[in-house]
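Chains, contacts and geometry: an overview
The chain contents come next:
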Amino acid sequence: MLQELQLSIVVENSASLSNNSVWGQHGLSIFLELGYGHEIVRLLWDTGASSEVMLHNAYAMNIDLFDLDLICLSHGHYDHSGGLMGILNCARPGLPVLVHPDAFCPKYKTRPDLKYIGIPFTREQAQAAGAVMLEGRKPVEIASGVMTTGEIPRIVPFETVEGFRTVRDGKCYPDAINDDQALAIGLPGKGLVVVSGCAHSGIINTIQHAKKITGIDELYAVIGGFHLMGADEKRIEATAEELVELDPKLVRPGHCTGSRAVCMLQRALGQRCQPLSAGEIIQF
C-alpha cells in the first residue's frame, strides 16, 4: 500500500523564488517518489523541453536520474519530451519509457502560425540511447495504487481540442491528441491525486476518467497543466465551476494553464489553488 508520496517539480514555466538555483522554461517535468515502507519507486512524469534545463534542475534539486525506475510521457509534444535523450545518457541502461504509440506521430500547432511541436527525436533514436519503449493505449498500473489513464474519453461538451494538426499518409488532419494521458494515484485515507501533463483531453474529462478507472470517487488533489492558456472566459469559468463541485483539497495548475485562468481558478477555489513553479516539493 502506498504510504508516502512526494512530487518534485523539476521543470516548469516559472522557477520558485525560494530556490534560485533552478531555471524556468516552458515545459513540464515532475519527479515522483512513491513510498511503500522500505521500498521507494522513482518515477519521472515528462522530461521538459530540453536536456540542458532538465539536467541542470535535477542536479540542483539533488535528484539522481540513475536511480529512476520508469519514465512516463504524458503526450508527444516537445515541451514534455525534449529532455529525454539527455536523461538516457545519465540513467541506467534499459530504462523503461511508457508512452502512447501516437506520441511519435507528426505534430503541429496552427496558432499563431504553423509550427512543428512534436517529439524532437525518433522512437529508434530513443531505443538506441537505452530506452525500452513500452507503448499502449489503455491504463497501465505502474505501482500499487498508481496507474496511467491511457486514452481519455472526451465527454465534457466545453472541453474541445482545436488548433493542432498531424500528418498521415501524406495528408494533414486535425489532431485530437489522443495520446494525451495522466497519472491517477490513490492516496490511502485522502483520495485521488491526478497528475496531468497538458490535459489536452480537458482537465475535467481527465479527472472523471481517473475516478472511473480507479474506483475512487473522492478527489484530493489535481496537479499539472490544465491547457487553459488561450481558452475563452466561458470555458475557464465552466472549468472552475466543475472543480468547485469536485471539491479537491489541493489544486496546483501550471505550465499551459495560463495566468488568466490561474487567477480565475484562485478566485473560485481560494487558498486551495496555488500555481506550480520549478524547484518546489509537494509532500503527502
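In the block above lies the structure referred to throughout.
Now for a description of the structure that goes with this document. (Residues numbered from 1 in each chain as written. Predicted model: local features only at pLDDT ≥ 70, side-chain atom pairs only at ≥ 80, totals over all residues. Heavy atoms only, no water.)

What follows concerns the packing of aromatic side chains. All chains considered together, the criterion is met by 3 aromatic pairs. Relative to Y116, the ring of Y108 has its centre 5.4 Å away and its plane inclined at 75°; by these criteria the two rings are edge-to-face. Owing to a relative accessible area of 25%, Y108 belongs among the partly exposed residues under this scheme. Residue classification places Y116 among the partly exposed positions, given a relative accessible area of 41%. Measuring from ring centre to ring centre gives 5.9 Å for Y220 and F284, while their planes differ by 70°; the resulting arrangement is edge-to-face. Of this pair, Y220 sits in strand β15 (residues 219-225) while F284 sits in the segment after β17 (281-283), and the two are 64 residues apart along the sequence. A relative accessible area of 18% places Y220 in the buried class. Between R168 and the ring centre of Y173, over which it is positioned, the NZ or CZ distance is 4.2 Å. (Phe/Tyr/Trp six-rings, centres within 6.5 Å; stacked < 30°, edge-to-face > 60°. Buried < 20%, exposed > 50% of the residue type's maximum accessible area, 1.4 Å probe, protein only. Helix = DSSP H or I, 4+ residues; strand = E, 2+ residues; numbered from the N terminus. Lys NZ or Arg CZ within 6 Å of the ring centre and 35° of its normal.)

Attention now goes to the nonpolar core. Counting residues in each nonpolar core, the largest one holds 29 residues, and the members touching the most others are M54, L68 and I71. Elements supplying a minimum of two residues to this core: β1 (4-11), α1 (51-60), α3 (84-88), β5 (95-99) and β8 (131-135). If sequence neighbours within four positions are ignored, I71 has contacts with L44, T47, L84, I87, L95, P96, V97 and L98. Among the nonpolar cores identified, the runner-up in size contains 27 residues, and I9, L32, I185 and Y220 belong to it. (Core = buried A, V, L, I, M, F, W, Y, C linked by side-chain atoms within 4.5 Å. Contact = heavy atoms within 4.5 Å.)

The final tally for this structure, using the stated rule, is 11 salt bridges. With a closest N to O distance of 3.8 Å, R111 and E162 form a salt bridge. Taken together, the residues span a long stretch of sequence, with R111 in the loop between β6 (108-109) and β7 (115-116) and E162 in the loop between β10 (146-148) and β11 (164-168) at a distance of 51 residues. Note on accessibility: R111 and E162 belong to one class, exposed. When the shortest N-O distance is used, the salt bridge between R123 and E135 registers 2.6 Å. On the criterion of sequence distance, the pair formed by R123 in helix α4 (residues 123-128) and E135 in strand β8 is long-range, its members being 12 residues apart. The partly exposed category is assigned to R123, whose relative accessible area is 24%. Given a relative accessible area of 34%, E135 falls into the partly exposed group. Several salt bridges share partner residues, and in doing so they unite D102, R137 and E151 into one network. (Salt bridge = Lys/Arg side-chain N within 4 Å of Asp/Glu carboxyl O.)

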